[in-house]
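Coordinates in review
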Amino acid sequence: MTRTERSPLLIFGATGYTGRALVELACARGWPTHAHIRPASSRAQSAGARFESLGAALESVPWEADAIRDCVARLRPQVVFGLLGTTQKRAQAEGPGNDYAAVDVGMTQMAIDALAQLATETGRATGRATGSAPRFVYLSSLGAREGARGAYLRARVQVEAYLRAKAEASGIEFAIARPSFITGPDRDESRPGERITSVIADAGLGALAALGIRGPRDRYASMRGHELARALLEIGTRNEARDQVFEADALRALAATSEASFEA
Ligand SMILES: NC(=O)c1ccc[n+]([C@@H]2O[C@H](COP(=O)([O-])OP(=O)(O)OC[C@H]3O[C@@H](n4cnc5c(N)ncnc54)[C@H](OP(=O)(O)O)[C@@H]3O)[C@@H](O)[C@H]2O)c1
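The shown structure was predicted, so the numbers you read here are calculated from the model rather than taken from an experiment.

**Some remarks on the overall build of the protein chain**
Scanning the protein chain for helices and strands turns up 10 helices and seven strands. The C-alpha radius of gyration of the protein chain comes to 18 Å, within 12% of the 18 Å expected for a compact globule of 264 residues. Principal-axis analysis of the C-alpha atoms places the extent of the protein chain at approximately 55 × 45 × 40 Å. Summarising the internal contacts of the protein chain: among those between residues at least 6 apart in sequence, 72% fall at separations of at least 24. On the protein chain, roughly 11,900 Å² of surface is accessible, and the fraction owed to carbon and sulfur atoms is 53%. Separation of charge centres in the protein chain, based on 33 positive and 30 negative side chains, amounts to 3 Å.

Structural data, given as structure tokens:
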């Protein structure tokens, strides 16, 4: 797979902070971009209108295995991005069937299954040898490692393991991103705790960097949605990103080297 190809990209979690930035970036760079929006999304209208104005195609498909599989089979995407996830607060507000197990794990696995099935049925998995197999890019998190504590990180560890196993069995490629906080003043949803923590941490990490100690900042400082989107597009489309895991410092470096033509 090379960046000169213009194969379809499909983005799950397109209505989120990271997803919206990725839709904007991919459209701006000329990729045929398909933005998945769940029919019940509170952002369906606002994000949908914005995406259409950018030239993205809207895929308003419910989170049901058959519907997701049909959507992926119809679009035959070269890269699928899994950028969705809930929070404990949202899960409580939305009620049963909207927790980490159902959303972060269950829905992401549904999307992985759909791509794996497409690859198997169309023989595209054989493309691994030539670098043309479809790729699933999973937005995981800093700290997602075996033995990680807490439901949030355990969900990410579970999905990472599932993706690796499915890739092995079906021949799809994967790439995993593990950023630190994803935040910025342009986030539409209020998350004061996350924002305050990241502003304080970023200040300390910036001070260390000013003293020449840059490692901790590169690894732990927050990223804005548009910065992360640049890195995600790179790991989705670069040959050498196949089957790799990208920690926050690597994502930051990729975002910096990515074409500087797009600005939020
Ligand atoms: N935020 C961070 O600091 C951070 C740090 C590291 C890793 N991550 C990972 O990155 C992911 C994306 O982060 P973000 O901040 O861009 O997310 P976000 O803005 O909260 O967006 C979440 C996405 O998930 C979808 N979603 C939420 N609840 C859902 C439900 N019940 N059913 C179906 N879809 C649902 C949302 O769709 P609707 O718009 O329809 O609700 C939206 O597209 C997180 O989930 C997490 O795994 C986040």
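And the narrative resumes.
**Details of the sheet that holds strand 2 (residues 33–37)**
Pairing is parallel across the open sheet formed by seven strands, whose spatial order is 3-2-1-4-5-6-7. At either margin of the open sheet sits one strand with a lone partner, and together these are strand 3 (57–60) and strand 7 (244–247). Pairwise comparison of adjacent strand axes, ignoring direction, gives a mean angle of 20° for this sheet. Bridging between strand 1 (residues 9–12) and strand 4 (residues 79–82) involves four bridges; their strand directions are parallel. Paired with Phe12 across the two strands is Gly82, which belongs to strand 4. The strands touched by helix 2 (residues 44–54) within the sheet are strand 2 and strand 3, with strand 2 carrying the most contacts at an inclination of about 175°.

**Observations regarding the pattern of salt bridges**
Scanning the entire structure with this criterion turns up 18 salt bridges. Across the pair Arg219 and Asp249 runs a salt bridge, and its minimum N-O distance is 3.2 Å. Note that Arg219 is positioned in helix 8 (residues 215–220) and Asp249 in helix 10 (residues 248–257), a separation of 30 residues in sequence. Of the residues examined, Arg219 reaches a relative accessible area of 26% and is grouped as partly exposed. Among the salt bridges present, the one from Arg238 reaches Glu234, with a minimum N-O distance of 2.8 Å. The exposure class of Glu234 is buried, given its relative accessible area of 1%. One connected set of salt bridges, linked through shared partners, spans Arg29, Glu234, Arg238 and Glu240.

**Digging into the packing of aromatic side chains**
Inspection of the entire model under this criterion finds two aromatic pairs. When the ring of Phe12 is compared with that of Trp63, the centres are 5.1 Å apart and the planes differ by 45°; the resulting orientation is tilted. Taken together, the residues span a long stretch of sequence, with Phe12 in strand 1 and Trp63 in the loop between strand 3 and helix 3 (65–75) at a distance of 51 residues. Each member of the pair, Phe12 together with Trp63, is buried. Look at Tyr100 and Tyr152: their rings are 5.9 Å apart centre to centre, the planes differ by 65°, and that puts the pair in the edge-to-face class.

**Overview of the domain arrangement of the protein chain**
As assigned here, the protein chain comprises domain 1 (9–182 + 224–257) and domain 2 (184–222). A C-alpha centroid distance of 24 Å is found between domain 1 and domain 2. Each partner contributes residues to the interface: domain 1 has 16 residues there, and domain 2 has 16 residues. The junction of domain 1 with domain 2 conceals about 1,500 Å² of combined surface from both sides, 44% of it contributed by carbon and sulfur atoms.

**Observations regarding the site of the ligand**
If you check the shell around the ligand, you find 31 residues, and the closest are Thr15, Ser41, Arg90, Arg156 and Arg187. The separation between an oxygen atom of the ligand and a polar side-chain atom of Arg43 is 2.9 Å. Taking Tyr152, its side chain carries an N or O atom lying 3.2 Å from a nitrogen atom of the ligand. Contact with the protein chains removes 96% of the 880 Å² of surface that the ligand exposes when unbound. Contributions of two or more residues to the shell around the ligand are made by helix 1 (17–28), helix 4 (88–94), helix 5 (101–122) and helix 6 (151–170). Taken together, the residues that form the shell around the ligand break down as 11 nonpolar, 11 polar and nine charged. Built from parts of two domains, the shell around the ligand gets at least three residues from each of domain 1 (9–182 + 224–257) and domain 2 (184–222).

Rules behind the numbers
Residues numbered from 1 in each chain as written. Predicted model: local features only at pLDDT ≥ 70, side-chain atom pairs only at ≥ 80, totals over all residues. Heavy atoms only, no water. Helix = DSSP H or I, 4+ residues; strand = E, 2+ residues; numbered from the N terminus. Rg over C-alpha atoms; globule rule 2.2 N^0.38 Å. Contact = heavy atoms within 4.5 Å. Areas by Shrake-Rupley, 256 points an atom, 1.4 Å probe, with all protein chains shown as cover. Lys, Arg positive; Asp, Glu negative; His and termini not counted. Charge placed at Lys NZ, Arg CZ, Asp CG, Glu CD. Pairing = 2+ DSSP bridges. Axes fitted to C-alpha atoms, helices over the stretch in contact; angles between N-to-C directions. Salt bridge = Lys/Arg side-chain N within 4 Å of Asp/Glu carboxyl O. Buried < 20%, exposed > 50% of the residue type's maximum accessible area, 1.4 Å probe, protein only. Phe/Tyr/Trp six-rings, centres within 6.5 Å; stacked < 30°, edge-to-face > 60°. Domains from an automatic or database assignment. Buried area = accessible area lost by both parts, 1.4 Å probe. Near = heavy atom within 4 Å. Polar contact = N/O pair within 3.5 Å; in protein donor to acceptor, adjacent residues only side chain to side chain. Nonpolar A, V, L, I, M, F, W, Y, C, P; charged D, E, K, R; others polar.

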